[in-house]
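Fold and geometry: a report
The chain contents come next:
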Amino acid sequence: MWKEEYEVHFDFLLQLLDANLTDVLSDSDECDLSGPELLERGSTDTLANGCRVDCEAARRLAKRLFHLDGFKRCDVARHLGKNNDFSQLVASEYLSFFDFSGLSLDRALRNFLKAFPLMGETQERERVLVHFSERFCHCNPQTPSSEDGAHTLTCALMLLNTDLHGHNIGKKMSCQQFISNLDGLNNGKDFPKELLKVLYNSIKNEKLEWAIEEEELRKSLSELVEEQCEGGSKRVARVTDGNNPFIAIPILLNAVTYKHGVLNRKSHADMDGKRTPRGRRGWKKFYAVLKGMILYLQKDEYKPDADLSEVDLKNAVRTHHALATRATDYSKRANVLKLKTSDWRVFLLQAPSEEEMMSWIFRINLVAALFSAPAFPAAIGSMKKFCRPLLPSSGTRLSQDEQLLSHESKLKQMSLEVEEHRKNPPSPDPKSREWEEYRLKEHYLTYEKSRYETYISLLQAKIHAETDDLEKIEASVMMGLGGDRPRCGQEGRLRKTQSSPSISQAQGGLNGRAAGRTAPGQRS
C-alpha cells in the first residue's frame with residue numbers, strides 16, 4: 001500500500017483508540033441461546049452476541065480453541081472478536097495460553113499471528129489485537145508503553161507490514177515517516193525513537209507471517225460462513241491482502257444486483273484525492289455490475305450465476321458513503337459521471353447514453369444512501385493536522401426512517417461546522433500550512449454537506465414513492481429533475497429494464513427489515 005493508504009488506515013486506528021465507539025461498533029443482538037448453551041450443544045458456529053457471561057464455559061471454549069479441539073484455525077478469530085462480555089472472556093482466557101515474557105513486541109506479535117488467521121470485520125480484528133496488547137503488557141510489566149500504547153504500536157506494525165511488503169506501486173514508508181506518524185501517541189508522549197527504529201527495521205527485514213499461506217487463506221475465506229439472518233440467509237466471502245487482513249473486500253455472494261451494463265472507466269484520483277499517475281489514467285472498457293454496495297468492473301459480460309474472478313475483485317469499487325455526480329468539469333467525452341468514494345478516490349465513468357448515465361448516478365447514490373452505516377464519531381486527539389474520519393464499510397443496521405434521521409442529523413452537524421469553520425480563518429498568509437489545512441477542511445465539510453443533501457433527497461423520494469420497486473422510484477425521481485432529466489424517448493419515461501429489483505432487499509435486509517421478501521420481476 002502507498003503511504004497515503006497507510007495514513008488513512010492509521011487515522012482509523014486513532015479513531016478506534018480515541019473515540020468511545022461502544023454504541024457504534026456494537027453488533028450485539030438478542031438471542032435465544034447463550035454462548036455457554038451453544039457450546040454445550042457442541043456448536044462450532046460463530047457465537048451469538050448479547051449472551052450472558054459464564055466464566056467456566058469461556059475457559060472451556062478458549063482451551064478448545066487454543067488446542068484446535070473440534071475447531072479449525074480459521075474458526076478462532078470469530079470467537080474472539082465479538083463485542084459482548086462472553087466473547088471478551090473467551091479472548092482473555094485464550095490469550096492466557098500465550099507467554100510473551102521477555103519478548104519484544106514484534107516477536108510476540110509474530111508468535112501470536114502464527115496461531116490462527118486474523119479474520120472478520122475490521123472492528124472485530126481490532127478487538128482481538130486489544131487483547132493481545134493487554135496480554136503482552138501483563139507478561140512484560142516493564143514495557144515503556146501502556147496497554148493503549150502497545151495496542152497503537154501493534155496496529156502500526158501491521159499497517160507498516162502492508163506498506164513495506166504489499167503489492168504496492170510507489171515509494172515505501174521510511175523509518176522517519178513511521179516515527180513521525182506515531183508522534184504523541186504514547187499517552188500524549190512520544191515513543192522512544194530507538195524502540196521505533198528497532199521495530200521498523202524488524203518489519204522491514206522480515207515481514208509478518210500469518211497462520212496459513214495466502215492461497216489457503218483465500219480458500220478458507222471463500223468457504224467461511226453461511227450465516228442465517230432475520231428472515232433469510234446471507235452467504236458471505238472475503239478476499240484479503242495476504243500481507244494485512246485489515247484491508248479486505250467483503251462479498252455478499254447473493255447480494256441484490258441493482259444495475260449492470262457497459263461502462264468505460266478512467267482513474268482520475270487515488271486515495272485521498274492524490275492525482276492518479278499519468279500511466280494509469282487511460283480509459284478502459286468494463287462490464288459494470290452494481291451488486292450490494294460494491295461496483296464490480298468485469299472484463300467479461302455479466303452472468304448472474306458466474307463466480308467472481310480475482311481480476312473482478314481487483315477492479316471492484318466500494319460504494320459505501322460514495323457520491324456519483326455528472327462530470328460537469330470534464331468535456332472530452334459525453335455522458336460521463338464522476339464517482340467519488342469514501343476514501344476520496346475519483347473515477348470517471350462513461351455510459352452509452354445520457355439516460356444510462358443518469359440511471360447509474362441515481363442507483364449508486366440511492367444504494368449508498370440506504371445502506372451505508374452511520375459514520376464513526378470524530379477522533380479526539382492532540383494532532384493539529386486535519387484528518388478525514390474513516391467511514392465504515394459495513395451495512396447499516398438502521399431502519400429506513402432511522403437512516404433518514406441519521407443523514408439529517410449529519411447534514412445539520414456539517415452545516416454548523418461549515419459556519420463555525422468560516423468564522424475562524426487562519427493567519428493572513430495564504431501560502432502558509434495553516435491555510436492549506438483550512439482549505440482542506442472546508443473542502444471536506446462542503447463535500448460532506450452536499451453528499452448528505454443528496455442522500456436525504458433520495459431517501460425522501462423513495463418514501464414518497466411508496467414502493468420498493470427500484471425502476472418506479474427511479475422514474476419518479478427522473479421525472480422530477482425537470483430540464484436535467486435524461487431523454488427518454490417519445491413515451492416520456494425511462495426505458496423498461498429486464499428486471500426491477502426491490503431496493504429494500506439489499507444487504508441481507510438490514511435496512512427496511514425486508515430480507516424475506518422477493519423482488520417483483522427480479523432475476524435470481
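Quantities reported herein were computed from a predicted structural model and do not represent experimental measurements.

Because an α-helix completes one turn every 3.6 residues, residues spaced three or four positions apart along the sequence face the same direction. Here helix 4 (residues 55-66) spans 16 Å end to end across twelve residues, near enough to the 16 Å set by a 1.5 Å rise per residue. What helix 4 keeps buried is the set Ala57, Ala58, Leu61, Ala62 and Leu65. Take helix 4 and look down its axis: the buried residues cluster within an arc of 135°, on one side only. A positive backbone phi angle near 55° is found at Leu68, which sits one or two residues after helix 4.

With that settled, consider the nonpolar core. Counting residues in each nonpolar core, the largest one holds 51 residues, and the members touching the most others are Leu295, Leu337, Leu339, Trp360 and Phe362. With twelve residues, the top contributor of residues to this core is helix 14 (residues 354-371). Once you skip the residues sitting within four places of it in the chain, Leu339 turns out to touch Leu295, Val317, Ala322, Leu323, Ala324, Arg345, Val346, Phe347, Leu349 and Ile364.

Summed over the entire model, instances satisfying the criterion amount to 18 salt bridges. For Asp75, the salt bridge identified is with Arg78, shortest N-O distance 2.3 Å. Here Asp75 pairs with Arg78, and both are found in helix 5 (residues 73-80), just three residues apart, close to one helical turn. Take Asp75: its relative accessible area is 10%, and that puts it in the buried class. We note a salt bridge from Glu354 to Arg326, for which the minimum N-O separation is 3.4 Å. Taken as a pair, Glu354 in helix 14 and Arg326 in strand 8 (residues 323-326) lie far apart in primary sequence, 28 residues in all. On the basis of relative accessibility, which here comes to 15%, the residue Glu354 falls in the buried class. Given the relative accessible area of 33%, Arg326 is considered partly exposed. Via salt bridges that share partners, Glu56, Arg59 and Glu93 belong to a single interconnected network.

Attention now moves to the sheet that holds strand 10 (residues 346-350). Judged by pairing direction, the sheet is antiparallel, and its seven strands sit side by side in the order 7-6-5-4-10-9-8 without closing on themselves. Each edge of the open sheet carries a strand with a single partner, namely strand 7 (317-318) and strand 8. In the sheet, strand 4 (residues 257-269) pairs with strand 10 via five bridges, with the strands oriented antiparallel. Looking at the pairing, Ser267 lines up with Phe347 of strand 10. This element, helix 14, spans strand 4, strand 5 (284-291), strand 6 (294-298), strand 8 and strand 9 (336-340) of the sheet and lies at about 95° to strand 4.

What counts and how
- Residues numbered from 1 in each chain as written.
- Predicted model: local features only at pLDDT ≥ 70, side-chain atom pairs only at ≥ 80, totals over all residues.
- Heavy atoms only, no water.
- Helix = DSSP H or I, 4+ residues; strand = E, 2+ residues; numbered from the N terminus.
- Expected span 1.5 Å × (residues − 1).
- Buried < 20%, exposed > 50% of the residue type's maximum accessible area, 1.4 Å probe, protein only.
- Arc of directions from axis to C-beta.
- Core = buried A, V, L, I, M, F, W, Y, C linked by side-chain atoms within 4.5 Å.
- Contact = heavy atoms within 4.5 Å.
- Salt bridge = Lys/Arg side-chain N within 4 Å of Asp/Glu carboxyl O.
- Pairing = 2+ DSSP bridges.
- Axes fitted to C-alpha atoms, helices over the stretch in contact; angles between N-to-C directions.

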